[in-house]
Amino acid sequence: MSLWKRMANVVRGERLNREIDEELESHIEEAIAHGRDPVEARRAFGSALRHREGSRDVRLIAWLESLRADSVFGWRQLNKTKITSAAAILSLALGIGASTAGFRLIDALLLRPLPVANAERLHVIAFEGTGPNGKMTYDSCSYPMFRQMRADVKEQAELIAVSYADRLDLTYGSDQEMEREYVQFISGWMFSAFGVKPAVGRLFSADDDGEPGAHAYAVLSHDYWTRRFGKDPAVVGRTVRIGETPYQIIGVAEKRFTGTETGTSIGIFLPMAMKNPQTLESWNNFWMRTFIQLKPGVAVEPVQERLRATFHAIQEERVKTFLTLTPQQKELFFKEKLLVDTAAAGRSNLQRDYKRPLGILAVLVALVLLIVCANVANLMTAQAAARAREMALRVAIGAGRWRLVQLVLVESSLRAFLAAILGGLFAWWAAPCVAGMINPPDDPARLSLPADWRVFGFVAMLSAGVTLLFGLAPALKASAVRPASALKGGENLVVRGRLMHVLVAVQVAFCFLVLFVAGLFVATFDRLTHETTGFSAERVLNLEAVTHQAQPPAFWEQVEEHLREVPEVESVAMTTWPLMSGESWVGEISIGGAAPSDVLTDLLAVSPGWMEEMRIPFLDGRDFRREETYPNAAIVNQAFANQFFRGEDPVGKRFEMVASSGGRSSVEIAGFVKDARSRDNLRLPIRPTAYVPFSAVDAAGTPQLRGRGTFVVRTHSANPLALASLLRQEVPRARPEFYVNNIRTQAEINLARTFRERLLAVLGLFFAGVALLLGGVGVYGVLHYSVLQRKREIGIRIAVGAQVGVIARLVTVDAFLMVVIGAVAGLAVGMVSLRFIESLFYQVRATDWTMMAFPWAVVLLTALAAAIAPVMRAVRIDPVEMLRAE
Amino acid sequence: MAKADSLQGSMDLLVLKILSRRPGLHGYAIMTAIQDISGEVLRVEEGSLYPALHRMEEAGWIRAEWITKDTGRRARLYELTAAGKKQLGAEESRWQAVTLAVNRVLREA
């Protein structure tokens, strides 16, 4: 009989019984038909039940059968206690679901190997140096550096250059049909090294990446091909213009490959050799990553040693071109260390920015899961108390201890299984939802979140672990039952109560930790969003514009004028890029002909009227005049005055701007304004800033052409986006060479600066709420149970005249002791562990007493609220009824 | 009177041998056949016959089929499978070897 049949027999147990019985019955019939005495025949045959058991066990898998029986019984048990079971399953589902969602995100961003050949042999070059804020690492290289390194380790590894993914303007038709897509320059041999095949057409080969500028070919990603062209194979041969260069599309990469920048789906790949020649030749322009694909059997260390030697030689050469370095800067320069990091999961800034937040998320999730386990273990222990008699009876009629452990564990697994299904559904929804919160909605992070065996395996392992965690203690407890004392009703309740109390303390400690962390994140987010920017973002719309070819200042002003005529527009001004957009221009300045200062100055070109439009108030001096041009006049901020003029009013004074070539130009300070934030990092103080006129002239006085800029529009209407499409059309109407490639409200840009903090605050609050709810349920459950257990005692106490207060204290004192112990433990763990994530906080510390008081208060209030119902129940016990019932 | 299952392992051999000669017997017929042929020397204990049959069925040596008899009652008939034939050969030669050995001991001791 096949294994399958035996397994099938497990579920058709009744039918099997009938078959065996029928066969045995026919045997006896036969015997009687042969003339034997019916009674004698039956006696000779023996116990039919015993035969049936004997035959049954060979015809099905005995352990599977008992498992089935336990499952059926477990199911009945769940049904019998619907509310507690539902509570247990739902909280488990939440815990498992949140963990799975967290795992999916972490897996997608940090763990999942790239779908390329030999991903485990893939590494990336990074550098560790000392920056203004201490240790810093970066992973950018210059192209000549890459070429030299590649030549030096040719025998041990293949090096692949990949530029940072950049969202560029491109068009398949006219300028007016510009769109944006992620474009990446790559080494021509990347596809073959990664074993990526074309979906249609062909991919680059090393030949496409030889002579600079010679092979204007583009390869699309499958994702982009699907999104933009609906998988039209006729796309091969079409032309896409990126910047000024038309590229011919030669093929589409296969579906699984979306680039090496995890979290970003590249749309268009271009060969390295098509990057502009100055960039390709520059030793100092760090604009790309270098991937290392080790040859089979080659270890990392020797390759790293070889590359370090190459890097040192390169640094020796580079330092000769830096004429203005101080000895101190030189020392730092040579201290930079080359690292070879593993890059099996790809390499992206998103990974760098979200590694720690996701780690913290994982810890929060794990804490919540542990709270859940403690909760369910408590529920089950309470239930086990009620079932002590049942267990005792089972032991008394001959059930083995292991059989009882199995019975309880099967019940636990049943819960965990149902919870895993619900949790899986939750994770299916939650993971993309959280992923959607990682980046601004117009540029979402694209993480592949497949529900594959990795996820399934995780859920299975987690559920098994969780089952053991919350189910093993009750199971062992049940099997340790002493039938004699249990059936007499004298089971040792004190020990059981103690276990429940310890579990409450553990829950409160974890709950406190989660609240503590959440509080710190919320405070950080709050402080960052309330950090003054020094300007008004209200009703401001930024139209980032580009021109076909660089245009003279007069044309830019023409467009500006035209936009002022649009109804609902309050004012228009120009600048290079929106405030806080992440782009910046820094320069060195000098006062009175001295050496350039160490402190860099932020420079920002603005048109007359911009200060007023952004509501940046003047402390002294005046705005630019139309005829003023860069680099003749400047407006400076307070930080600038503090840094260079000891805080005195600098209007009328002069400073010099020092170009990287060493050339200097003298600038007169025309205005003095209050500080306003122009850079994107809210955690750093506002730097010295010099505003310069938007229109520029060169040394000979000829106006400088400008290819990009931003029209800053303040609207009358409260929602500036309502004007967006109209303004987009008005720009080319004013001058056909101009088009708008991006429209963003200032408020949206400001908000995007705190996206990560917002995500942490939102998730922190969510988990804090869940933890609090579970903690409250835990306290309630224990109190409720203890009131039930001590009903008789309470009844007697009330009968002999105990006050309400005494009863309340009696019922709650133990549990509250546990709450306090738990909170103290949580606080201690928090203070020690949160040091490690302090860099994610802003202006808050784990040691602030306000930050500690908040979770304390909340935990205590929750415990109090949870205690109300059980206490009410205790004081309402009617002694007469109680004693009569006994 | 000896019981078939008191001779270690001989029950399988007897059942397989009977079924190889007369396929399609039910449990009772197998039992009576063993008794008749052995001249009432060997007696099968009814209680151990069925577990043995089911064990052999599980091992794949015999297969069973339900038939409805003229009386309207259903009976379960057993017959040898190919694996059962092989097993019978093996059991027979093992039996021969054992009896040979026992005989030699009786003769030469």
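Values in this document were obtained by computation on a predicted structure and should not be read as measured data.

### Details of the overall build of chain B
The secondary structure content of chain B amounts to four helices and five strands. Reading the helices (α) and strands (β) of chain B from amino to carboxyl end gives β-α-β-α-β-α-β-β-α. Across its three principal directions, the C-alpha atoms of chain B cover 60 × 30 × 20 Å. Looking at chain B residue by residue over its 109 residues, the buried ones come to 27%.

### What to know about the overall build of chain A
Counting its secondary structure elements, chain A contains 28 helices and 23 strands. On C-alpha atoms alone, chain A measures out to a radius of gyration of 37 Å, which is more than a quarter above the 29 Å that the 2.2 N^0.38 rule sets for 886 residues. Taken along its principal axes, the extent of the C-alpha atoms in chain A is 130 × 75 × 60 Å. Looking at the 886 residues of chain A, the share that counts as buried comes to 40%. Within chain A, residue pairs in contact and separated by at least 24 positions form 83% of the contacts whose partners lie at least 6 positions apart.

### Remarks on the pairing of strand β4 (residues 62–68) of chain B
Across a regular strand the side chains alternate sides, sitting on one face of the sheet and then on the other. Residues and elements named next belong to chain B. Pairing analysis gives seven bridges linking β4 to strand β5 (residues 74–80), with the strands arranged antiparallel. Its bridge partner being in β5, Arg63 is matched across the sheet by Glu79. With antiparallel pairing between neighbouring strands as the criterion, β4 and β5 make up a hairpin whose turn holds five residues, including Gly72 at a positive phi of roughly 95 degrees.

### Details of helix α1 (residues 10–21) of chain B
Residues and elements named next belong to chain B. Helix length check: α1, at twelve residues, gives a terminal C-alpha distance of 17 Å against a target of 16 Å (1.5 Å per residue), a fit within 8%. Those residues of α1 not exposed but buried are Met11, Asp12, Leu14, Val15, Leu16 and Leu19. Where α1 is buried, its residues meet β2 (25–26), α2 (27–37), α3 (46–59), β4, β5 and α4 (82–108).

### Examining the environment of Lys135 of chain A
For Lys135 of chain A, the location among the structural elements is in strand β2 (residues 134–138). For Lys135 of chain A, the residues in contact, after removing those within four places along its chain, are Glu128 and Thr130 of chain A.

### What about the sheet that holds β4 of chain B?
Strand order across the open sheet formed by three strands is β2-β5-β4 (chain B), with antiparallel pairing between neighbours. Across the chains shown, the open sheet's two edge strands, defined by having one partner strand only, are β2 and β4 of chain B.

### A word on the nonpolar core
Residues and elements named next belong to chain A. Counting residues in each nonpolar core, the largest one holds 112 residues, and the members touching the most others are Leu92, Val368, Val508, Cys511, Val514, Leu515 and Ala771. With 21 residues, helix α18 (residues 493–529) is the largest single contributor of residues to this core. Every residue in contact with Val514, bar those within four places of it in the chain, is listed here: Leu364, Leu367, Val368, Phe767, Ala768 and Ala771. Membership of the second largest hydrophobic core comes to 55 residues, among which are Tyr143, Ala165, Ile268 and Met272.

### Description of helix α7 (residues 143–152) of chain A
Residues and elements named next belong to chain A. Inspection of α7 places Tyr143, Met145, Phe146 and Met149 among the buried residues, and these make up the whole buried set. For α7, the arc enclosing every buried residue in end-on projection is 150 degrees, short of the 170-degree limit, so these residues lie on one face. Close packing links the buried residues of α7 with β3 (157–163), α10 (277–281), β11 (288–294) and α11 (300–319).

### Describing the packing of helix α24 (residues 755–789) of chain A against helix α26 (residues 804–833) of chain A
Helix packing geometry: the angle between the two helix axes and the distance between the axes. Residue and element names in this part refer to chain A. Running from N to C, α24 and α26 point in directions that differ by 150 degrees, and their axes come no closer than 9 Å. Here α24 lies roughly antiparallel to α26, going by the angle between them. Once α24 is placed against α26, the crossing between them reads as right-handed. Side by side, α24 and α26 meet where Val779, Val782, Leu783, Ser786 and Val787 of the first sit next to Val811, Thr812, Ala815 and Val819 of the second.

### So, the environment of Arg94 of chain B
Mapped onto the elements, Arg94 of chain B comes out in helix α4. Linking Arg94 of chain B and Leu13 of chain B, residues 81 residues apart in sequence, is a C-alpha distance of 9.8 Å.

### Details of the pairing of strand β15 (residues 585–590) of chain A
Two elements, β15 of chain A and strand β16 (residues 601–606) of chain A, share three bridges in a ladder whose sense is antiparallel. Paired with Val586 of chain A across the bridge in β16 of chain A is Asp602 of chain A.

### Let's talk about the packing of α26 of chain A against helix α27 (residues 849–875) of chain A
Residue and element names in this part refer to chain A. Viewed as axis vectors pointing N to C, α26 and α27 meet at an angle of 155 degrees, and their least axial separation amounts to 10 Å. In terms of their interaxial angle, α26 and α27 are classed as roughly antiparallel. Crossing of α26 against α27: the hand is right-handed. In contact with Val804, Ile807, Ala808, Val811, Thr812, Phe816, Val819, Ala823 and Leu827 of α26, α27 contributes Met852, Trp856, Val859, Ala863, Ala867, Pro870, Val871, Ala874 and Val875. Across the contact of α26 with α27, the residue classes tally to 17 nonpolar, one polar and no charged.

### Side note on the confidence of the model for chain B
Interpretation of this model should avoid reading the predicted coordinates in detail wherever pLDDT is low. Residue and element names in this part refer to chain B. When pLDDT is averaged along chain B, the result is 83; 92% of the residues meet or exceed 70. When pLDDT is averaged over each element of chain B, α4 comes out on top at 90 and strand β1 (residues 2–3) at the bottom at 48. Within the model, pLDDT remains below 50 along residues 1–6, and this stretch shows 18 contacts once partners closer than five positions in the same chain are excluded. Among the scores for the predicted complex, ipTM is 0.81 and pTM is 0.73.

### Remarks on unusual backbone geometry
Note: most peptide bonds trans; most residues except glycine with negative phi. Residues and elements named next belong to chain A. Note the cis peptide between Tyr630 and Pro631, where omega equals 5 degrees. You can see Pro631 is positioned in the loop between β17 (618–621) and β18 (633–637). Phi is positive for Arg646, which is not a glycine, with a value near 50 degrees. Position of Arg646 among the secondary structure elements: in the loop between α21 (638–644) and β19 (654–658). A residue is classified by how many C-beta atoms lie within 10 Å of it, and Arg646, with 8 of them, is exposed. The phi dihedral of Gln843 is positive, around 55 degrees, even though this residue is not glycine. Within the fold, Gln843 resides in the loop between α26 and α27.

About the cut-offs
- Residues numbered from 1 in each chain as written.
- Chains lettered and ligands numbered in written order.
- Predicted model: local features only at pLDDT ≥ 70, side-chain atom pairs only at ≥ 80, totals over all residues.
- Helix = DSSP H or I, 4+ residues; strand = E, 2+ residues; numbered from the N terminus.
- Buried ≥ 20, exposed ≤ 12 C-beta atoms within 10 Å, placed from the backbone.
- Rg over C-alpha atoms; globule rule 2.2 N^0.38 Å.
- Contact = placed C-beta atoms within 7 Å.
- Pairing = 2+ DSSP bridges.
- Expected span 1.5 Å × (residues − 1).
- Core = buried A, V, L, I, M, F, W, Y, C linked by C-beta atoms within 7 Å.
- Arc of directions from axis to C-beta.
- Axes fitted to C-alpha atoms, helices over the stretch in contact; angles between N-to-C directions.
- Parallel < 35°, antiparallel > 145°, perpendicular 65-115°, else oblique.
- Left-handed = near helix turned anticlockwise from the far one by under 90°.
- Nonpolar A, V, L, I, M, F, W, Y, C, P; charged D, E, K, R; others polar.
- pLDDT = per-residue confidence, 0-100.

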